[in-house]
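# Fold and contact review
So you can see what is in the structure, the chains are spelled out below.
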Amino acid sequence: MSVDAFSNTFSLYNVGEFGAAEPEDGQRWSTWPAITPSERGPEPHPDWLVTSAAAFDTELGIVKTGKEADVFLIERAVPGDPSQPSILAAKRYRGTETSDFHRSAQYHEGRRMRNTRDTRAVARGSSYGHSVSAGRWAYAEFEALCRMHSMGVPVPYPVQVNGTEILMEFIGDDSGAAPRLAQAKGSVSQLSSYLEQVTDIMLTMAQAGLAHGDLSAYNLLVHHDRIVVIDLPQVVDIASNPNGMALLHRDCVNVCDWFTRRGHNCDSEEMFAALVAELFA
Ligand SMILES: Nc1ncnc2c1ncn2[C@@H]1O[C@H](COP(=O)(O)OP(=O)(O)O)[C@@H](O)[C@H]1O
Ligand SMILES: [Mg+2]
């Protein structure tokens, strides 16, 4: 089912023999009650978040399949409860050999793994190693989302992490997911506002010593004229990662080249210099 069709499928529940609802195919009990507090998003939890233990998670469709992860649309709601359901994006990292962790090595320098068994399994590429990698990426992305959220960077609210799955706020509305900046049609004045917002995001991150590490018009969503940054598993601590400066520079080039191609000039070296100044401020 396409994401566009999801609004028609809200609140379809199977009522069991004794009148109590039971999860059907494509449904599960809400995983929220079983999630330990440290694996839940920052408090206060937003009003729109359904936290009832009676809620179901219903998979409404695929938002996007990717190389390392797939993103699904999930509705979390209490069957029969007419109040607003939570609409969530589930990003599921692949734990199998088919995943392609192309961004591994350069980002992980300066990070540490839990134990040597995991380190060896990842190096060997065993199936256990793949699931360790998938879980590490999910946790890394969840932590980065929480950190960005606490710094006031516009990211989807991180709801929870559970193994290889992150649940986060769905950025979009009844007509579907918010477009990526790469697909957004913007007037000249909108482009200038987008660039300003992206620059603000990068400055705030640099003030905390961080670079996105995979920033491009594909990892920026445009929702009602506001930019939201996504895809953060590889967020780089610039001081501790030997590739930190190079990755920060690449982010600047990716962003500025895109705006320049769209007719809005942007000097990547100037941007890089401004960000480096923040690092040492
Ligand atoms: N929270 C979200 N809300 C709406 N769409 C999302 C959300 N997270 C991801 N997406 C969509 O899924 C795509 C892939 O997600 P992303 O995190 O960039 O993973 P990857 O690029 O590693 O496959 C995005 O380009 C975007 O279209
Ligand atoms: Mg992406």
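First, a word on scope: everything that follows refers to the structure included in this document. Each chain carries its own residue numbering, running from 1 in the written order of its sequence. For this description, chains carry letters from A and ligands carry numbers from 1, given in the order in which they are written. Per-residue local features of the predicted model are confined to residues with pLDDT of at least 70, and side-chain atom pairs are confined, for both listing and counting, to 80 or more; whole-chain, interface and lining totals are unaffected and use all residues. Based on all heavy atoms of the structure, the side-chain values leave hydrogens and waters out of the count.

Turning our attention to the overall build of the chain. Within the chain one finds six helices and 14 strands. The buried label applies to any residue whose accessible area, calculated with a 1.4 Å probe on protein chains only, is under 20% of its type's maximum; exposed applies above 50%, and partly exposed to all values in between. By the burial criterion, 46% of the 281 residues in the chain qualify as buried. Contacts are assigned to residue pairs that have any heavy atoms within 4.5 Å of one another. Of the contacts made within the chain by residues no fewer than 6 positions apart, 68% connect residues no fewer than 24 positions apart. Accessible surface computed for the chain: about 13,800 Å², of which carbon and sulfur atoms make up 52%. Counting from the N terminus, the helices are the DSSP runs of H or I reaching at least four residues and the strands are the DSSP runs of E reaching at least two. In this description, accessible areas are obtained by the Shrake-Rupley approach with a 1.4 Å probe, and a residue is regarded as covered only by the protein chains that are shown.

Take the state of the cysteines next. By definition, disulfides here are pairs of cysteine sulfur atoms that lie within 2.5 Å. Applying the stated rule across the entire model yields one disulfide. The cysteine Cys252 is free of any disulfide, with Cys256 supplying the nearest cysteine sulfur at 6.4 Å. The exposure class assigned to Cys252 is buried, which follows from its relative accessible area of 0%.

To describe a pair of aromatic rings, one takes the distance between the centres and the angle between the planes. Side-chain rings of Phe, Tyr and Trp, where Trp is taken by its six-membered ring, are said to pair if the distance between their centres is within 6.5 Å; with planes under 30 degrees apart they count as stacked, over 60 as edge-to-face, and otherwise as tilted. Here the structure, examined in full by the defined rule, presents three aromatic pairs. With 6.0 Å between their ring centres and 90° between their planes, Trp48 and Tyr157 make a pair best called edge-to-face. You can see Trp48 sitting in the loop between β3 (27–29) and β4 (56–65) and its partner Tyr157 sitting in the loop between α3 (127–150) and β7 (158–162), a full 109 residues away along the chain. Classification of Trp48 as partly exposed rests on a relative accessible area of 32%. Ring centres of Trp258 and Phe259 lie 5.0 Å apart, and the angle between their planes is 90°; this geometry places the pair in the edge-to-face category. By relative accessible area, which is 7% here, Trp258 ends up buried. Geometrically, a lysine NZ or arginine CZ counts as sitting over a ring once it is within 6 Å of the ring centre and also within 35 degrees of the ring normal. For Arg40, the ring lying beneath its charged end belongs to Trp32, and the centroid distance is 4.3 Å.

The rule is simple: put a 1 Å grid over the protein atoms alone, call a set of points where a 1.4 Å probe fits but cannot get out a cavity, call an open set with protein on both sides within 12 Å along at least five of seven lines a pocket, and count a residue as lining if it has an atom within 4 Å of a point. Grid points are joined across faces, edges and corners, and a volume is the space filled by probe spheres set on the points. Per the stated rule, a full pass over the model turns up one cavity of 30 Å³ or more. Within this model, the largest cavity holds a volume of roughly 40 Å³. Around the largest cavity, the lining residues are Met202, Met205, Leu210, Ala211, His212, Leu248 and Asp251. Put simply, the parts of the chain that give the lining of the largest cavity at least two residues each are α4 (188–207), β11 (210–211) and α5 (244–261). Partitioning the lining of the largest cavity into residue classes produces five nonpolar, one polar and one charged. Amino acid classes used here: Ala, Val, Leu, Ile, Met, Phe, Trp, Tyr, Cys and Pro are nonpolar; Asp, Glu, Lys and Arg are charged; the rest, including Gly, are polar.

With that out of the way, let us pick up α5. Think of an α-helix as 3.6 residues a turn; residues three or four steps apart then line up on the same face. In this model, α5 (18 residues) spans 26 Å end to end at C-alpha, consistent with the 26 Å of a helix rising 1.5 Å per residue. Along α5, the residues that are buried comprise Gly244, Leu247, Leu248, Asp251, Cys252, Val255, Cys256, Trp258 and Phe259. Taken end-on, α5 shows its buried residues confined to a sector of 160°, consistent with a single buried face. The outward face of α5, more than 90 degrees from its buried face, is lined by the exposed residues Ala246 and Arg261. Positive backbone phi, approximately 95°, marks Gly263, located one or two places after α5. In this scheme, a helix's expected span is set at 1.5 Å multiplied by one less than its residue total. In this context, the arc is that of the directions from the helix axis out to the C-beta atoms.

Taking burial as the measure, the eight residues of strand β6 (residues 86–93) include seven buried ones, the bulk of the element. Being paired, for any two strands, means DSSP has found at least two bridges between them. Here strand β5 (residues 69–77) pairs with β6 via eight bridges, running antiparallel. Across the sheet, the residue bridging to Asp70 is Arg92, located in β6. With five bridges connecting them, β6 and strand β8 (residues 165–169) associate as antiparallel partners. Bridge assignment links Ala89 to a residue of β8, and that residue is Met168.

Note the cis peptide between Glu43 and Pro44, where omega equals 0°. Among the secondary structure elements, Pro44 is positioned in the loop between β3 and β4. Unlike most non-glycine residues, Asp225 shows phi in positive territory, near 70°. You can see Asp225 is positioned in the loop between β12 (220–223) and β13 (226–229). Residue class for Asp225 comes out partly exposed when judged on its relative accessible area of 37%. A positive phi is found at Asp231, a non-glycine position, where the angle reads about 65°. Mapped onto the fold, Asp231 is located in the loop between β13 and β14 (236–237). Judged by its relative accessible area of 14%, Asp231 falls in the buried class.

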